[in-house]
Amino acid sequence: QEQRRLQLIKMFAEENSSHKRKKRNGTDGKKAKAKRIGLIQTETGTIANVGWRAISMKSLRAHPRFAALRSAREAMTDRDKNLANAALFRQDTWQWDALHAQRITGSRAAALLGFFSGLAVSELGIPISLRDGNKRNKALAFIHNNDDQFEFDALFDFSAEESAQSDDDVCEWIAGESLSQYILRKEQPQISLGTKDVVSTRLKWGTVQEAVGILAAINHLKNAAFIAESGMCAAEAPSLTALASEWKDTSKTVDAAHACSQLLEKAAAASSSLMKPLNLSLGASPDAFVVYPDGTVEVLEIKSVSPYVKSKHPGRMAVKDRGPHLNIGPW
C-alpha cells in the first residue's frame, strides 16, 4: 500500500500528497476496507506529471521490433520530390504539419460531419466534454486556412535546416523474459510536463504517452513481424509503397503495401467528385502500421486514456484507473 501511495505521488509534479484524513479503525464497513486496500483514490495534486513513466520517440525508434523512419534529410536522399515520398516525413517535423493543409484527415472528419452538435450528440452518445457546436466551423476554418499554403518543393529544401542529429546511443534495449519483449535499460531523463487542469491534462497525456502505447502494441502483438512508423499518407498517392520501401527488407511487405495503396487510390478517385469542388484532398496519418510475416499491413492507432480526474477538493486533480473502454467512440 505504501509503494502504491508513493507511485501516485510521482504522478503529480509537486511534492504534496493527500489531504490529511482521519484514521479509521477498520470497523466502518466496506468503505473503510476499500480505502485500506487502495480501491478508493486518495492522492491529489494541482500539477499533473503527464510525463510519468513515458519514453521518448527517439528511444522507441531504437527498439529492435520498430521500423523507424529516418530523418527527413536522410530519407529524401536520392528520392524523387513527390507526394508519395512525402509520407516519409516523421510526425514531429514541420513538413508533416504542412501536409495537412487543405486535407481532410481522421482527426477532423468527425467535426466536419457534425458529430459534436445538434441531434448527433444524443444519438451517438457523445460525452458532454466533447460537445461543441462550433467544432465544425473550426475544422472548416483550419483546412481552408490560406496561411498554410506552401510551395511543394519547399518540403524537400533542407538548406536552412541543421544537420540531423543521430538517434544512436539514446537508449539500450535488452531482451526480456520472452523473445518478443525487450526492456529499456538506458533512457534519457524525462522532463516533467506539468498541466493544471483536467482538460489540458487529458490532451497532453495522449500526446506524451503515445510512444508508450506503441511499445505496448509491440509487446502485445507477438505474431507481428514488426511495427512501422508512419507519416502523412495522401490518398491520391502510393504513400504505403513509399513507406514500405523504408521498412524491413521483405518483398511481401512491399507487395501488400502496394495493394493497400491501390485500394486507397480507388477510394480517393471515388470521392474526387465531392472533394474537387471544395479544393480538398483526403489523407491519413496513423500512429503506426502493424506488419505481419505474410505481408499483411494493418493500421495502428493509439488512444492513451488519461488517469487524471477532477478531485472533490476545488482546484485539485486526482488519479483514477477508469479501466479499459469496452467499445470505440464514434468520433
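Look a little higher up for the structure.
These numbers were taken from a predicted model, which means no experiment stands behind them.

Structural notes on unusual backbone geometry
In this model, Arg53 sits at a positive phi of 60°, which is unusual for a non-glycine residue. Following the sequence through the fold, Arg53 ends up in the loop between β2 (48-49) and α3 (57-61). Positive phi, close to 65°, is recorded for Asp78, a residue that is not glycine. Looking at where Asp78 falls in the secondary structure, it is placed in the loop between α4 (72-75) and α5 (94-98). On the accessibility criterion, Asp78 (80% relative accessible area) is exposed.

Quick look at helix α9 (residues 198-208)
Within α9, the full set of buried residues consists of Val198, Thr201, Trp205 and Val208. In an axial view of α9, the angular spread of the buried residues amounts to 95°, which keeps them on one side of the axis. Across from the buried face of α9, at angles greater than 90 degrees, the exposed residues are Val199, Leu203 and Thr207. For α9, the capping residue at the N-terminal end is Asp197, with a side-chain oxygen 3.2 Å from the backbone nitrogen of Val199.

Notes on the packing of aromatic side chains
By the definition in use, this model includes five aromatic pairs. Their ring planes at 75° and their centres at 6.5 Å tell us that Phe226 and Trp247 sit as a pair that is edge-to-face. Of this pair, Phe226 sits in strand β8 (residues 226-229) while Trp247 sits in the loop between α11 (239-244) and α12 (251-275), placing them 21 residues apart in sequence. The exposure class assigned to Phe226 is buried, which follows from its relative accessible area of 4%. Ring geometry for Trp247 against Phe289: centres 5.7 Å apart, planes inclined by 50°, an arrangement best described as tilted. One end of the pair, Trp247, is in the loop between α11 and α12; the other, Phe289, is in strand β11 (residues 288-291), with 42 residues separating them in the sequence. The exposure classification of Trp247 matches that of Phe289, with both residues buried. Aromatic ring contacts, followed pair by pair, group Phe89, Phe152 and Phe156 into a single cluster. Sitting above the plane of the Phe116 ring, Lys135 keeps its charged end 4.2 Å from the centroid.

Notes on the sheet that holds strand β4 (residues 103-104)
Reading across from one edge, β4-β10-β9 is the order of the three strands in this open sheet, with mixed pairing throughout. Of all the strands in the sheet, the pair left with one neighbour each is β4 and β9 (233-234). Relative to strand β10 (residues 281-284), β4 is paired through two bridges, and the arrangement is parallel. For Arg103, the partnering residue across the bridge sits in β10 and is Ser281.

Some words on the pattern of salt bridges
Pairs may arise between side chains of opposite charge once their charged atoms sit close together. The final tally for this structure, using the stated rule, is seven salt bridges. Salt-bridge contacts for Arg70 lead to Glu246; the nearest nitrogen and oxygen are separated by 2.7 Å. Note that Arg70 is positioned in the loop between β3 (66-67) and α4 and Glu246 in the loop between α11 and α12, a separation of 176 residues in sequence. With relative accessibility at 36%, the residue Arg70 sits in the partly exposed group.

What counts and how
- Residues numbered from 1 in each chain as written.
- Predicted model: local features only at pLDDT ≥ 70, side-chain atom pairs only at ≥ 80, totals over all residues.
- Heavy atoms only, no water.
- Helix = DSSP H or I, 4+ residues; strand = E, 2+ residues; numbered from the N terminus.
- Buried < 20%, exposed > 50% of the residue type's maximum accessible area, 1.4 Å probe, protein only.
- Arc of directions from axis to C-beta.
- Polar contact = N/O pair within 3.5 Å; in protein donor to acceptor, adjacent residues only side chain to side chain.
- Phe/Tyr/Trp six-rings, centres within 6.5 Å; stacked < 30°, edge-to-face > 60°.
- Lys NZ or Arg CZ within 6 Å of the ring centre and 35° of its normal.
- Pairing = 2+ DSSP bridges.
- Salt bridge = Lys/Arg side-chain N within 4 Å of Asp/Glu carboxyl O.

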